[in-house]
Structures are given as C-alpha cells and as structure tokens.
Amino acid sequence: MATAAPTIPKKVDAQTAELYRSWLRQMILIRRFEEKTGEAYSLGQIGGFCHLYIGQEAVAVGSIAALRHDDVLTCSYRDHGHALARGMSARGIMAELFGKATGCTKGKGGSMHLFDASKGFLGGHGIVGAHIPITTGLAFAIKYKKGDQVAVCYFGEAAVNNGAFHEALNMAALWKLPAIFICENNRYGMGTALERASAIYDISERACSYDMANEVVDGQDLLAMKAAMDRAVTRGRKESLPTLLEVRTYRFMGHSMSDPIHGHYRTKEEVEEQRKRDPIALWGDQLKAAKLIDDAGIKAMEEDVMAEVMDSLKFAEESPDPDPSELWTDVYAGSN
Ligand SMILES: Cc1ncc(C[n+]2csc(CCOP(=O)(O)OP(=O)(O)O)c2C)c(N)n1
Ligand SMILES: [Mg+2]
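Criteria and cut-off values
Residues numbered from 1 in each chain as written. Chains lettered and ligands numbered in written order. Predicted model: local features only at pLDDT ≥ 70, side-chain atom pairs only at ≥ 80, totals over all residues. Heavy atoms only, no water. Pairing = 2+ DSSP bridges. Helix = DSSP H or I, 4+ residues; strand = E, 2+ residues; numbered from the N terminus. Axes fitted to C-alpha atoms, helices over the stretch in contact; angles between N-to-C directions. Contact = heavy atoms within 4.5 Å. Donors = N, O, S within 2.8 Å, 3.2 Å for Na, K, Ca; no water. Buried < 20%, exposed > 50% of the residue type's maximum accessible area, 1.4 Å probe, protein only. Near = heavy atom within 4 Å. Polar contact = N/O pair within 3.5 Å; in protein donor to acceptor, adjacent residues only side chain to side chain. Areas by Shrake-Rupley, 256 points an atom, 1.4 Å probe, with all protein chains shown as cover. 1 Å grid on protein atoms, 1.4 Å probe; cavity = no way out; pocket = protein on both sides within 12 Å on 5 of 7 lines; lining within 4 Å. Sits in = over half its atoms within 2 Å of the grid points. Nonpolar A, V, L, I, M, F, W, Y, C, P; charged D, E, K, R; others polar. pLDDT = per-residue confidence, 0-100. Points joined across faces, edges and corners; volume = space filled by probe spheres on them. Salt bridge = Lys/Arg side-chain N within 4 Å of Asp/Glu carboxyl O. Patch = residues over 30% accessible without salt bridge, like charges linked within 9 Å, V, L, I, M, F, W, Y side chains within 5 Å. Lys, Arg positive; Asp, Glu negative; His and termini not counted.

A.B. asks: Which parts of the structure should I look at to understand the sheet that holds strand 6 (residues 243-248)?
C.D. replies: Within a sheet, each strand pairs with its neighbour through backbone hydrogen bonds, oriented either parallel or antiparallel. One open sheet accounts for six strands, arranged 2-1-3-4-6-5; its pairing is parallel. If you trace the sheet from one side to the other, it starts and ends with strand 2 (121-125) and strand 5 (213-218), each paired once. Across the sheet, the axes of successive neighbouring strands diverge by a mean angle of 15°, strand direction being ignored. Bridge count between strand 5 and strand 6: six bridges; the pairing is parallel. Within strand 6, the position partnered with Val216 by the bridge is Glu246. Together, strand 3 (151-156), strand 4 (179-185), strand 5 and strand 6 form the strand contacts of helix 8 (residues 222-239), whose direction differs from that of strand 5 by roughly 165°.

In structure tokens form, the structure reads like this:
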C-alpha cells in the first residue's frame, strides 16, 4: 500500500463522530438493502440482471464521502451501493429494481441503469468500460467551463482489458483533466468469452504508462479509501489533474444473481477468508474501539436501517407499473 493506513484520531469532535457513524449507517444500509434485493429477486419480484455489491461497501461510502454535491460520477452495473452512498433514496432505487413508475428512472432502467442527474449520479452502465470515456468527457466539460468539480468513474478490473479504458486515461492525462478513475479490483471478472474468472492484479502497473498519479488502496478499510480519495479530489480540484486509484476489494456474493457464491471458480475457504475482512465489521470495530459507538448503538442503527429497507420494499411493491405510453417519453427531457 502506498501510504500507512490512517486511523481514527484520539480526539474526535461531536460533528466528526456523527459523520463517522453516518458512514457505518450507509454501509449497513447498502448491505441490508441488497440482502432484501436478493430475496426479492429470488421471489421473481425483480427481473433482468442484478449484481450485488456486498463486500465492497467501503469503496463507495469512503470515496463518495470525499465528494461535493456538484461533483459527478458514473459506475458500472454493480451500482446499488454507489447510488445509496450518493444519497439517492432507498425507495426510488428499490422501485426502479421492481420496474415501477416511481423508480428513479420511472422503471425504465432497472438494476444496471440507476440514474439521478440531480445528485450528479450519471449511471449505472451495463457495457463493461463504456462509461470510462464518458467520464473523461465529463471531466473535459468541467475544465472547459472553468469549474472546480471532479468527475469520478468506478469500474471493475476486467474493464482494463478494454481499449476504451486506455484511450480515456491517455486523454485525461494529456489534457490534464479533473477525473478520478476508481478501479474496484474484486479479483474476478465473470462472463468473459471463456466463462471463467480472470484474476487480474497490479492494474496500476499495467495502466500507468500514463502520466497520472496512482495509488493502490485497501478497499476494505473505509478510512484508507476516504484518505486516498481526499488526495485525488484535491489533485483534481486544485490542479486539474487526473488520478487512478486501484482499490483492492472483494465481493462476498456471486457475480450476479445467477452465479453461485463459491464452488464454480473460487473455493468456500477463499470466500470465508475474505469475509474476515468485512468492511462493515472492520469500521464498526474501529468506532467501538474509539468509543464512538457501542453495541446498543449499532443495534439501534440496524433497526433504523431495517425500517428504511422494509419501507422501500413496501413502497416498491405497492407502486404502479409504468403506463405503456411511458415507452415514448424521456425521463430527463427538458433537464440539463
Ligand atoms: C463490453 C462488454 N463485454 C462483456 C460484457 C459481459 N460482462 C458483464 S460483467 C463482465 C465482467 C466484468 O468484470 P469486472 O469489470 O471485473 O467487474 P465486476 O463484475 O467484477 O464488478 C462481463 C465480461 C459486457 N457487459 N460488456
Ligand atoms: Mg471484477
């Protein structure tokens, strides 16, 4: 790892303590939300593809915590966690998964295409790597308009095999754009031509023939993720320079709902070993050690989160299907 792992300072003011607890709540929300998503999918309430983010929560929560509301981001189809971390409502996301009219894109996008321009959340993209050049374009637009926002792109390590990745990073480096490329290296890229896992390491070494700052980050460590992202955001805002973060993480579930958790291309032992570094448990333990929360506090948080998730489920179940005439409308017609 490039830098020593940051820890919670000895003295934390009340506002920071609240912020730290809110990150734990966000991660628990993503976890419980997706567990319910998995159940609803198995019951046939959710159709199409559905990729869970369980195990990777600290990446989205830690990095999005470093952003401003007017920054923009794109991500892959594994997008529920990023959308929740960005503050999109559990109701709007769950209804979208159910294909309902009240979903964040009126039921037109589904799991892989969550979108909310008002939050700078520009998708949810089903084509591996397609959103990487789009993000370079977003960063170009920011620089062209003399803004100080950053454009962030989350993608899996298998996207690095895509020519568009190299073009997009090359241009961002040459044009000195405020882009942050976050490679979520969860070790497996499924659904390749050979239908087998591609364990790919050292993305940074492969990718950084480009003139761009890069770091390898422990994605299960929330504070490490936040600190690396802070550095990348400062570089983007103050110097208009891009960054590549290769984040080492792991997904605890299968690639998608049709993929087994283990047995096919990874062993039960491997998954169990990785589960020992569950990002939620790690952050919860850090907060407890710093006496910023106790077991009763975590229990109350769990209950509060569960109420929010169950509310989103009820909302999605009771919401109407989109009217067929919606086939011809544009969710964002008239918006900028
Ligand atoms: C251009 C393209 N090729 C193939 C696919 C099929 N596909 C869907 S997910 C995936 C694996 C991607 O793995 P990775 O980028 O590591 O992301 P992860 O699923 O691990 O989050 C593939 C090959 C696709 N969606 N788009
Ligand atoms: Mg992967």
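Right, picking up where we left off after that structure.
A.B. asks: Sorry, what's going on with the coordination of the magnesium ion (ligand 2) here?
C.D. replies: In ideal tetrahedral geometry, four donors around a metal make angles of 109.5 degrees, whereas ideal octahedral geometry with six donors gives angles of 90 or 180 degrees. Donor atoms from the polypeptide that coordinate the magnesium ion (ligand 2) comprise Glu157 (OE), Glu157 (OE), Asn186 (OD1) and Tyr188 (O), at 2.1 to 2.6 Å from the metal. The motif formed by the donor residues of the magnesium ion (ligand 2), counted along the single chain, is E-x28-N-x1-Y. With Glu157 in the loop between strand 3 and helix 6 (163-174) and Asn186 in the loop between strand 4 and helix 7 (203-207), this residue pair connects regions lying 29 residues apart in the sequence. Grouping residues by exposure puts Glu157 and Asn186 together as buried.

A.B. asks: Can you walk me through the site of ligand 1 in this structure?
C.D. replies: As a matter of local geometry, ligand 1 sits amid 15 residues, with Tyr77, Arg78, Asn186, Tyr188 and Met190 nearest to it. A distance of 3.0 Å separates a nitrogen atom of ligand 1 from a polar atom in the backbone of Val128. Side-chain polar atom of Glu157 to an oxygen atom of ligand 1: 3.0 Å apart, as the coordinates give it. Expressed as a share of its isolated accessible area of 580 Å², the protein-covered part of ligand 1 is 75%. Assessed atom by atom at 2 Å from the grid points, ligand 1 resides in the largest pocket. Its residues assigned to classes, the shell around ligand 1 shows seven nonpolar, six polar and two charged.

A.B. asks: Got a minute to help me understand the confidence of the model for the chain in this structure?
C.D. replies: Caution applies to low-pLDDT regions: their predicted coordinates should not be interpreted in detail. Averaged over every residue, the pLDDT of the chain is 92; the share at 70 or more is 92%. Summarising per-element confidence for the chain, the mean pLDDT is lowest in helix 7 (59) and highest in helix 2 (residues 57-64) (99). Per-residue pLDDT stays below 50 along residues 193-199; that stretch engages in 14 contacts with residues further than four places along the chain or on separate chains.

A.B. asks: I'm lost on the layout of surface pockets in this one. Help?
C.D. replies: Gaps left between atoms show up when a probe the size of a water molecule is rolled over them. Of the voids in this model, the largest pocket is the one considered here, and its volume is about 490 Å³. Taken together, 29 residues make up the lining of the largest pocket; nearest its centre are Tyr77, Val128, Ala158, Met190 and His255. Sort the elements by how many residues they give to the lining of the largest pocket and strand 3 lands first, with three residues. Looking at the lining of the largest pocket residue by residue, the class counts come to 12 nonpolar, 14 polar and three charged.

A.B. asks: Where do I start with the pattern of salt bridges in this structure?
C.D. replies: Where charged atoms of side chains with opposite charge meet at close range, the side chains can pair. The final tally for this structure, using the stated rule, is 22 salt bridges. For Lys276, the salt bridge is made with Glu273, and the minimal N-O distance between the two is 3.0 Å. By sharing partners, the salt bridges in this structure join Arg25, Asp304 and Glu308 into a single network.

A.B. asks: Is there a simple way to think about a nonpolar patch on the surface in this case?
C.D. replies: Together, Phe140, Tyr144, Met171, Leu174 and Trp175 make up an exposed nonpolar region whose accessible area comes to about 590 Å². Elements supplying a minimum of two residues to the nonpolar patch: helix 5 (131-144) and helix 6. Among the structural elements, Leu174 can be located in helix 6. Look at Leu174 and you get exposed, because its relative accessible area is 62%.

A.B. asks: Would you mind showing me how to read the pairing of strand 2 here?
C.D. replies: With respect to burial, strand 2 is a largely interior element, five of its five residues being buried. Sheet topology places strand 1 (residues 72-76) next to strand 2; three bridges connect them, and they run parallel. What sits directly across from Cys75, in strand 2, is Gly124.

A.B. asks: Explain the side chain of Arg86 to me, please; I cannot follow it from the model alone.
C.D. replies: Note that Arg86 resides in the loop between helix 3 (80-85) and helix 4 (90-97). Despite its burial, Arg86 remains without a salt bridge, the nearest opposite charge being carried by Asp71 at 5.7 Å. Within the local environment of Arg86, its side chain forms a polar contact with the backbone oxygen of His69, the two atoms lying 3.1 Å apart. Beyond its immediate chain neighbours, meaning those up to four positions away, Arg86 contacts Ile64, Leu67, Arg68, His69, Asp70, Asp71, Leu73, Lys119 and Phe121.

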